[in-house]
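Observations on the three-dimensional arrangement
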Amino acid sequence: MEKPGHAPSQIDSKACWPSFGWIAVTSRCNLNCTHCQRGMLKERGLLTPSEMSLKVFNRLESEVFPHLKKLQFGGNNFGEQLSASNWDTFFERVSKRNIDISIVSNSMLLNTARIKAMVEAGVEFNFSLEGVSRESYEAVRGHGYDKFFDIISETCRIKNTRQENGSLVSLGYTVFRDNIMETPELIKKAAQIGVDRVIVTHFSPWEENQRKQCLVYHKELSNQVLDKARILAGELGIIVYFPKPFHTSDRSDTPPSQAGLHQKQCLHPWKSFSINEKGDVMPCCATSVVMGNLETTSFYDIWNGRKYKKLRRTVNSSRPLVFCRDCAFREIEAGSAEPISFWSDEQFLLAAIGTEKPKDSSSLTLHKIKTQLRNSRWGNRALPYLMEFYRRNGAFYVTDIHDNLLTPLGRMFTRKR
């Protein structure tokens, strides 16, 4: 078995088996948050609410769970995992295994019985919010301000009675222009309730009308407020993960420490995987490109299959596949709490809509294609099917088509002129 980053001639499943996985058992959600892509995806036919079948879960249980060290429910799709009709059964089966469990949740479907069962299993709770005041919280989520903080408080109280189980409570806070000023108040409230840590992450807009909410347009304000919150966290003794400060110098678009970002080694194709409610297996939570499906194929065959071999052969090369080319996630260890936000990486934070001075990127190119398709009647109807084709097949051949067909044709026409 060769080291990650090289092209293994034959993959030994015992020597190279994933230790971390993201799993989504449902794409349903009980909320309709304004910052979430969920509503837009449903409207355009790109998201059909569904749940994981017993067949897929049984296959996971027999083929994958025996090898895992840590499993995270959610964080890899737009669903609230607690809304799955089989959630309690699925969780009970996982909790009997020697696997560290975490969950990303909006918390609203928790009750005392569920909290106790999850604390007993040592679950790491990752509760998400976008506002600390009632006004800002409900501007995004619509309702449930008091219920949210009551559930967080109850979870912390129950967790503190069973500290030997190792359960943790985290708050994930997405910062943007309208809520950045509340960050210090968030730190105070988290410390008061008894939260173990707070994870602050930048908002990445997915529609043009959200552009100015992104803090790349408010760099100095973001740096000042988050620095104040960082000092406060130290005074209160609470662990907080902050994004790195924005680089505000006019001398360079990219700070020195950002140089070589895309030369970072990615180990996800060897160490982790992501599976959605349909049974689609993906390399990590940063892409929806499909490696195979557990409804029809065993995990072993997918993990050792043609797509994974090509991904491992190219991911750390000079010509990675198109969906890996602009990915900042390669710098983050699987399961890490480190926010996926960088100093002034506007290309990353604005990947879905593009910077105002556009730079070439695979994400932006894909966004432009989708926009053009939506502007025509036939294209809008065909988009869901084209996106599925891209996810399941096309993404693996875009680079080959560019290198082996389009580039030679371009050179040929240039010579003729």
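Rules behind the numbers
- Residues numbered from 1 in each chain as written.
- Predicted model: local features only at pLDDT ≥ 70, side-chain atom pairs only at ≥ 80, totals over all residues.
- Heavy atoms only, no water.
- Buried < 20%, exposed > 50% of the residue type's maximum accessible area, 1.4 Å probe, protein only.
- Helix = DSSP H or I, 4+ residues; strand = E, 2+ residues; numbered from the N terminus.
- Pairing = 2+ DSSP bridges.
- Right-handed = clockwise from strand over helix to strand, strands pointing away.
- Axes fitted to C-alpha atoms, helices over the stretch in contact; angles between N-to-C directions.
- Parallel < 35°, antiparallel > 145°, perpendicular 65-115°, else oblique.
- Contact = heavy atoms within 4.5 Å.
- Nonpolar A, V, L, I, M, F, W, Y, C, P; charged D, E, K, R; others polar.
- Polar contact = N/O pair within 3.5 Å; in protein donor to acceptor, adjacent residues only side chain to side chain.

**Let's talk about the pairing of strand β2 (residues 70-73)**
Residues of β2 alternate between two faces, with Lys70 and Gln72 on one and Leu71 and Phe73 on the opposite face, all of them buried. Of the pairings in the sheet, the one linking strand β1 (residues 20-23) to β2 comprises four bridges and is parallel in character. Residue Ile23 lies in a different strand from β2, and its bridge partner there is Phe73. Relative to strand β3 (residues 100-105), β2 runs parallel, the two sharing four bridges. Of the residues in β3, the one forming a bridge with Leu71 is Ile101. This β-α-β element, β2 to helix α3 (residues 87-95) to β3, shows right-handed connectivity.

**Describing the packing of helix α5 (residues 134-141) against helix α6 (residues 145-161)**
Where α5 meets α6, the axes come as close as 9 Å, and the angle between the chain directions of the two elements is 105 degrees. Taken together, α5 and α6 sit at an angle that is classed as roughly perpendicular. Of α6, the residues touching α5 (which contributes Arg134, Tyr137 and Glu138) are Tyr145, Asp146 and Phe148. Here the contact of α5 with α6 is built from residues that sort into three nonpolar, no polar and three charged.

**A closer look at the sheet that holds β3**
Pairing in this open sheet of 10 strands is mixed, and the strands run β7-β6-β5-β4-β3-β2-β1-β8-β9-β10 from one edge to the other. One side of each edge strand has no neighbouring strand; the edge strands of this open sheet are β7 (239-241) and β10 (292-293).

**Considerations on the environment of Leu186**
Inspection of the secondary structure assignment puts Leu186 in helix α7 (residues 183-193). Each C-alpha atom of the pair Leu186 and Leu171 lies 9.3 Å from the other, and the pair is 15 residues apart in sequence. Those residues in contact with Leu186 that sit more than four places away from it in its chain are Leu129, Val132, Leu171, Tyr173 and Val198.

**Things to note about the side chain of Thr26**
Positionally, Thr26 belongs in the loop between β1 and α1 (38-43). Among the polar contacts made by the side chain of Thr26, one reaches the main-chain carbonyl oxygen of Ser50 at a distance of 3.3 Å. Those residues within four positions of Thr26 in sequence are excluded, and the remaining contacts are Ser50, Glu51, Asn77, Gly79, Glu80, Gln81, Ser83, Ala84 and Glu277.

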